[in-house]
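Examination of the molecular architecture
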Amino acid sequence: MGVETLLPSDSIITTQVQKLINWSRRSAIWPMPFATACCGIELMATASSRYDLARFGAEVMRFSPRQADLMIVAGRVSIKMLPVLQRIYQQMTEPKWVISMGACASTGGVFDTYAVVQGIDQYVPVDVYVPGCPPRPETLIEAVMAIQRIIDLDNIPPKGPDGKRVPLNIAVQPTHVVQPQPVPITVGLS
Ligand code: SF4
């Protein structure tokens, strides 16, 4: 990566194995996109060149749960879809994390109906909640960075006495303010 060129040729670097493992793990989070609705478009934008999720090593979307360790639920989840969501979560590799992206995934959003899950945290442990309808890519990136910070702290997702995963319950704050339209819009009748 070019770092070795900055070091004298006779130097050595020491570190702890756990720190090396954490560094590798936090630099290669592989997301499993569970995108069901409009939030999925923002998820795709986050991986695009403008926002460049690759800077955080998390751009490799995996559509096989056994090759993924970060589930990003982007959009509403119907009751019919729920068993699929749970099965995919169970098949993902440990240690694994879950991001609930947008109002619909976290609360059902405006879809207060019997057919839509009113918050996926009732069924899978959610580590980071991303607010918005939809959230901006910057906010999703902040959620990925929150998980990276947890990995840096050696804080592998804890389990309760019953062996069940304890969710981290981190709520991301929006990192931007709403800007006015760059061009004034006027509506006139002629
Ligand atoms: S939170 Fe908003 S943008 Fe996201 S899936 Fe629901 S309605 Fe669509």
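Shown above is the structure to which this text applies.
The structure presented is a predicted model; accordingly, all values stated were derived computationally and were not measured.

**Comments concerning the overall build of the protein chain**
For the protein chain, the helix and strand inventory stands at 5 helices and 5 strands. Counted from the first residue to the last, the protein chain has its helices and strands arranged as α-β-α-β-α-β-α-β-α-β. Each principal axis of the C-alpha distribution contributes one length, and for the protein chain these read about 80 × 50 × 25 Å. Residues classed as buried in the protein chain amount to 28% of the 190 residues present.

**So, helix α2 (residues 39-47)**
Listing the buried residues of α2 in full gives Cys39, Glu42, Leu43 and Thr46. The buried residues of α2 occupy one face: seen down the axis, they fall within an arc of 105°. Turning to α2, the residues buried within the fold contact β1 (31-35), β2 (70-74), β3 (97-101), α4 (102-107) and α5 (137-152).

**Focus: the pairing of β2**
Taken across its 5 residues, β2 has 5 buried, putting it largely inside the fold. With burial as the criterion, each face of β2 is covered, one bearing Leu70, Ile72 and Ala74 and the other bearing Met71 and Val73. Pairing between β1 and β2: 5 bridges, direction parallel. In the sheet register, Pro33 faces β2, and the bridge partner there is Ile72. With α2 bridging β1 and the parallel β2, this β-α-β connection has left-handed handedness. Relative to β3, β2 runs parallel, the two being bridged by 5 bridges. For Val73, the partnering residue across the bridge sits in β3 and is Ser100. Crossover β2 to β3 through helix α3 (residues 82-91) is right-handed.

**A word on the packing of helix α1 (residues 17-26) against α5**
Close contact between α1 and α5 brings their axes to 9 Å; oriented N to C, the two are set at 170°. Regarding the angle of α1 to α5, the classification is roughly antiparallel. Crossing angle aside, the handedness with which α1 passes α5 is right-handed. When α1 is examined against α5, the residues Asn22, Arg25 and Arg26 are found in contact with a partner set consisting of Gln148, Ile151 and Asp152. The residue inventory of the contact of α1 with α5, partitioned by class, reads 1 nonpolar, 2 polar and 3 charged.

Reading guide: rules and limits
For every chain, the first residue of the written sequence is number 1, and numbering continues from 1 along that sequence. Only residues with pLDDT of at least 70 are given local features in this predicted model, and only at 80 or more are side-chain atom pairs given and counted; all residues enter the totals for whole chains, interfaces and linings. By the criteria applied, helices consist of DSSP H or I runs no shorter than four residues and strands consist of E runs no shorter than two, each listed in order from the N terminus. Here exposure depends only on C-beta density: within 10 Å of a residue's C-beta, 20 or more other C-beta atoms make it buried, 12 or fewer make it exposed, and intermediate numbers make it partly exposed, the C-beta atoms being placed from the backbone. The directions from the helix axis to the C-beta atoms are what the arc is built from. By definition, residues are in contact whenever their C-beta atoms, placed on the basis of the backbone, come within 7 Å of each other. Strands are labelled as partners when DSSP assigns at least two bridges between them. If you view a crossover with the strands going away from you and the path from the first strand over the helix to the second runs clockwise, you call it right-handed. Interaxial angles span 0 to 180 degrees and are taken between N-to-C directions of axes, which are lines fitted to C-alpha atoms, for helices over the stretch in contact. What sets the label is the angle itself: under 35 degrees gives roughly parallel, over 145 gives roughly antiparallel, 65 to 115 gives roughly perpendicular, and the rest give oblique. Here a crossing is taken to be left-handed if its near helix is turned anticlockwise relative to the far helix by less than a right angle, and right-handed if that turn runs clockwise. Residues are grouped as follows: nonpolar covers Ala, Val, Leu, Ile, Met, Phe, Trp, Tyr, Cys and Pro; charged covers Asp, Glu, Lys and Arg; every other residue, Gly included, is treated as polar.

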